[in-house]
Amino acid sequence: MLGFLLHKGEGRTNPNHVTGKPQKMTHLEIILFCCKALGVADGYATESALGLYTVNAIYGDTITMPCPLEVPDGLMFGKWKYEMPNGSPVFIAFRSSTKKNVQYDDVPDYKDRLSLSENYTLSIKNARISDEKRFVCMLVTEDDVSEEPTIVKVFKQPSQPEILHQANLLETEKLQMLGECVSRDSYPEGNVTWFKNGRVLQPLDDVVVINLQKIVDRTTGLFTMTSSLQYMPTKEDVNAKFSCIVTYYGPSGQKTMQSEPVVFDVHYPTEKVTIQVLPQSSTIKEGDNITLKCSGNGNPPPQEFLFYIPGETEGIRSSDTYVMTDVRRNATGEYKCSLTDKSMMDSTTITVHYLDLQLTPSGEVTKQIGEALPVSCTISSSRNATVFWIKDNTRMQTSPSFSSLQYQDAGNYVCETTLQEVEGLRKRQTLKLIVEGKPQIKMTKKTNTNKMSKTIICHVEGFPKPAVQWTVTGSGSILNKTEETKYVNGKFSSKIVIAPEENVTLTCIAENELERTVTSMNVSAINIPEYDEPEDRTDDNSEKVNDQAKLIVGIVVGLLLVALIAGVVYWLYVKKSKTASKHVDKDLGNIEENKKLEENNHKSET
């Protein structure tokens, strides 16, 4: 029977059309008619079985309903309609596929609110609660009529709930009106729940009484929920936060919105007195300011108390606080407070921690190199302290000990101590150690690898840093083309590079505020072979011994040369008497020059 009725859309006529004229029934109407004939209800279950398309819309927004049907070939026109509560259809929009014109039916509720696009999507501006109904998209060809329904659901988020008509104060052991929670303009209707400190308040006879009212606005169809709360408080409700939450439904499901919390003044008598130390820290140190606060657990609380201080026989009358500034270690002891009638009392013990440090010596200390310097850092504290040393911003592994001061021992020393588990209790003292010394010089020389020059180095120690000057002995000329290394731990080097054409003597002069030191070195001509001096000398005496050995070798070599020249002269004299006299004169001249050079070298070495 159902298949027969669906054939080509033919079937029973619908007498309930708004025009009042008989028309052919649509596919959906035929199906619903058959379902009713078979005893199937046309409610949610029937709609689910038919797979109805649903559009969720927000109140006041635009409702957009795409036509669930595919546009067939040979389409003549499309129409939209909606169903009245009694099931009768009301046509609202028409669009011709051939003439491309759109017509909207004269329906007052949808005047100037409709828009039908080319793909037969229906849009309704300014969504209302009355728009929540079943709409049908109808596509008509020459041979067939296709229809598909769409269910529109409209949702309206309520206003944030607020607690009105609040009680001025609450008294224990008395049931009284706490307030009303109001949330307006909701659709569909919501529900209201009361909370105390984040927990749901369940109704309880003579303790928690809740009454909920829901009022609908007949013009807009929106709901207003009002929930009143009667409550019997206890003293534990002091500072309790009361709030309410409205539960409502939106397009995406169930949602909640909470009111601002409200704290009520709860009155009850005092049953206990408590003393506190503020700030609430586990440790107190010297120099801190502390406040003793005495409180009663009644409300309104007591305004005056008696404070008992160590060493005082009588209580000190004060408000609920007693302030002590810049406390010292002698403030350690037991403190008490009570009501003015001494009926209730509480006590607490205060320990004032202290930390003392004594560094000997301290400040700026100047010592000479090689001297001894005993250093001590003495600690006195209320509990175990941690001590460590810092030199020039670097933490030391051990305490400093100076039996023979060196230049590298100079620096800024800090002895620092902290008290374990006492935040902020830290002491430190500094020692600025200056190690002075007269200039000391070591000279070395070496022939460079190219055999064309020699490097002379003057190794200098001393503090304050000595100024270095190079001169050439004899001429007294000053050499300015020098290079210096970095001054580290009282040591540095100054060097020059020369290529002497004859033997020279160089002098290195180092001078600071303590002394002026002068050291000289003989340097042979670049073409005269000699043993180079190593650069890493560490003993002045070894340098002097080597210089003396050089002097002796030079004298011996000179004597041998004189003997050799004398023998040659004698042989030539015997062989050729005339020419011998000339050669003798010339050789004697050379002897005189060598003697002079030897004497000059001997003086320089001495």
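A quick note: this is a predicted structure, and the numbers were derived from the prediction, not measured.

Caption draft 1: Region of interest: the overall build of the chain. Counting its secondary structure elements, the chain contains five helices and 45 strands. For the chain, the exposed surface amounts to about 35,800 Å²; the carbon and sulfur share of it is 50%.

Caption draft 2: Broad picture of the sheet that holds strand E23 (residues 273-278). Judged by pairing direction, the sheet is antiparallel, and its three strands sit side by side in the order E23-E25-E28 without closing on themselves. Here the strands that pair on one side only, and so sit at the sheet edges, are E23 and strand E28 (321-324). Pairwise comparison of adjacent strand axes, ignoring direction, gives a mean angle of 15 degrees for this sheet. In terms of strand pairing, E23 meets strand E25 (residues 290-296) through six bridges, oriented antiparallel.

Caption draft 3: Inspection of the pattern of salt bridges at higher detail. Here the structure, examined in full by the defined rule, presents 22 salt bridges. Ionic pairing is found between Asp 326 and Arg 328, a salt bridge with its closest N-O pair at 2.7 Å. Connected through shared salt-bridge partners, Glu 286, Arg 329 and Asp 356 make up one network.

Caption draft 4: The sheet that holds strand E29 (residues 333-339), seen in detail. Spatially, four strands are ordered E27-E26-E29-E30 in an open sheet, and the strand pairing comes out antiparallel. The sheet is open, and its two borders are formed by strand E27 (316-318) and strand E30 (345-350), each paired with just one other strand. On average, adjacent strands in this sheet sit at an angle of 25 degrees to one another, irrespective of strand direction. Strand direction decides the pairing type here: strand E26 (residues 305-308) and E27, joined by three bridges, are antiparallel. If you follow Phe 307 over to E27, its bridge partner there is Ile 316.

Caption draft 5: Layout of the pairing of strand E11 (residues 145-155). As paired strands, strand E3 (residues 53-58) and E11 are joined by six bridges and run parallel to one another. Each residue of the ladder has a partner; that of Thr 54, found in E11, is Ile 151. Alignment of strand E10 (residues 134-141) against E11, held across seven bridges, turns out to be antiparallel. Note on E11: the bridge partner recorded for Val 140 is Val 145. Counting the residues that bridge the hairpin from E10 to E11 gives three residues.

Caption draft 6: Representation of the side chain of Asp 237 in the model. Along the chain, the position of Asp 237 falls in the loop between strand E18 (223-231) and strand E19 (241-250). Within polar-contact distance, the side chain of Asp 237 engages the side chain of Tyr 231 at 2.9 Å. Within the structure, Asp 237 has its side chain in polar contact with the backbone nitrogen of Thr 234 (distance 2.9 Å).

Caption draft 7: Fine view of the confidence of the model for the chain. Of the residues in the chain, 82% have a pLDDT of 70 or more, and the chain-wide mean is 82. Considering only residues more than four positions removed or in separate chains, one finds that residues 1-50, a stretch of pLDDT under 50, has 65 contacts. Throughout residues 537-546 the model reports pLDDT below 50, and contacts reaching past four residues in sequence, or to other chains, amount to 14 contacts.

Caption draft 8: Inspection of the state of the cysteines at higher detail. Under the definition given, this model contains five disulfides. The residue that forms a disulfide with Cys 181 is Cys 244, at a sulfur-sulfur distance of 1.9 Å. Residues Cys 181 and Cys 244 are joined through a disulfide that is right-handed, its torsion about the S-S bond being 75 degrees. Residue Cys 181 is found in strand E14 (residues 176-186), and its partner Cys 244 is found in strand E19; the two are separated by 63 residues along the sequence. Each member of the pair, Cys 181 as well as Cys 244, carries the same accessibility label: buried.

Caption draft 9: Representation of unusual backbone geometry within the structure. The residue after Thr 360, namely Pro 361, is reached through a cis peptide bond having omega -10 degrees. Among the secondary structure elements, Pro 361 is positioned in the loop between strand E32 (355-360) and strand E33 (363-368). Phe 463 connects to Pro 464 through a cis peptide bond whose omega is 0 degrees. Residue position: Pro 464 is located in the loop between strand E39 (454-463) and strand E40 (467-472). One non-glycine residue, Asp 112, adopts positive backbone phi at about 60 degrees. The residue Asp 112 is located in the loop between strand E7 (102-104) and strand E8 (114-116) in this model.

Caption draft 10: Local environment of the nonpolar core. Grouped together as the largest cluster of nonpolar side chains are 51 residues, with contacts concentrated most on Met 65, Trp 80, Ile 92, Leu 122 and Phe 135. In terms of domain composition, this core takes at least three residues from each of domain 1 (54-155) and domain 2 (162-267). If we skip the residues at most four places from it in the chain, Met 65 touches Val 55, Trp 80, Tyr 120, Thr 121, Leu 122, Ile 124, Phe 135, Thr 150 and Val 152. Formed by 18 residues, the second largest nonpolar core is a distinct cluster that contains Val 277, Phe 305, Phe 307 and Met 324.

Caption draft 11: Structural view of the packing of aromatic side chains. What the rule picks out here adds up to ten aromatic pairs. On the numbers, 5.8 Å between centres and 25 degrees between planes, the contact of Phe 307 with Tyr 322 is stacked. Of this pair, Phe 307 sits in strand E26 while Tyr 322 sits in strand E28, and the two are 15 residues apart along the sequence. Residue classification places Phe 307 among the buried residues on the basis of a relative accessible area of 0%. Ring pairs connect the aromatic residues Tyr 82, Tyr 110 and Phe 135, which therefore count as one cluster. Note that Arg 329 overlies the ring of Tyr 354, its terminal NZ or CZ placed 3.8 Å from the centroid. The side chain of Arg 395 reaches across the aromatic face of Phe 388, ending 4.0 Å from its centre.

Caption draft 12: Here's a closer look at the environment of Arg 426. By the element assignment, Arg 426 lies in strand E38 (residues 426-447). Along the sequence, Arg 426 and Glu 416 sit ten residues apart, while their C-alpha atoms lie 7.3 Å from each other. Within the structure, Arg 426 has its side chain in polar contact with the side chain of Glu 416 (distance 2.4 Å).

Caption draft 13: Broad picture of the side chain of Ser 227. Tracing the backbone through its elements, the reader meets Ser 227 in strand E18. A polar atom in the side chain of Ser 227 sits 3.0 Å from the side chain of Trp 194.

Reading the values: the criteria
Residues numbered from 1 in each chain as written. Predicted model: local features only at pLDDT ≥ 70, side-chain atom pairs only at ≥ 80, totals over all residues. Heavy atoms only, no water. Helix = DSSP H or I, 4+ residues; strand = E, 2+ residues; numbered from the N terminus. Areas by Shrake-Rupley, 256 points an atom, 1.4 Å probe, with all protein chains shown as cover. Pairing = 2+ DSSP bridges. Axes fitted to C-alpha atoms, helices over the stretch in contact; angles between N-to-C directions. Salt bridge = Lys/Arg side-chain N within 4 Å of Asp/Glu carboxyl O. Polar contact = N/O pair within 3.5 Å; in protein donor to acceptor, adjacent residues only side chain to side chain. pLDDT = per-residue confidence, 0-100. Contact = heavy atoms within 4.5 Å. Disulfide = S-S within 2.5 Å. Buried < 20%, exposed > 50% of the residue type's maximum accessible area, 1.4 Å probe, protein only. Core = buried A, V, L, I, M, F, W, Y, C linked by side-chain atoms within 4.5 Å. Domains from an automatic or database assignment. Phe/Tyr/Trp six-rings, centres within 6.5 Å; stacked < 30°, edge-to-face > 60°. Lys NZ or Arg CZ within 6 Å of the ring centre and 35° of its normal.

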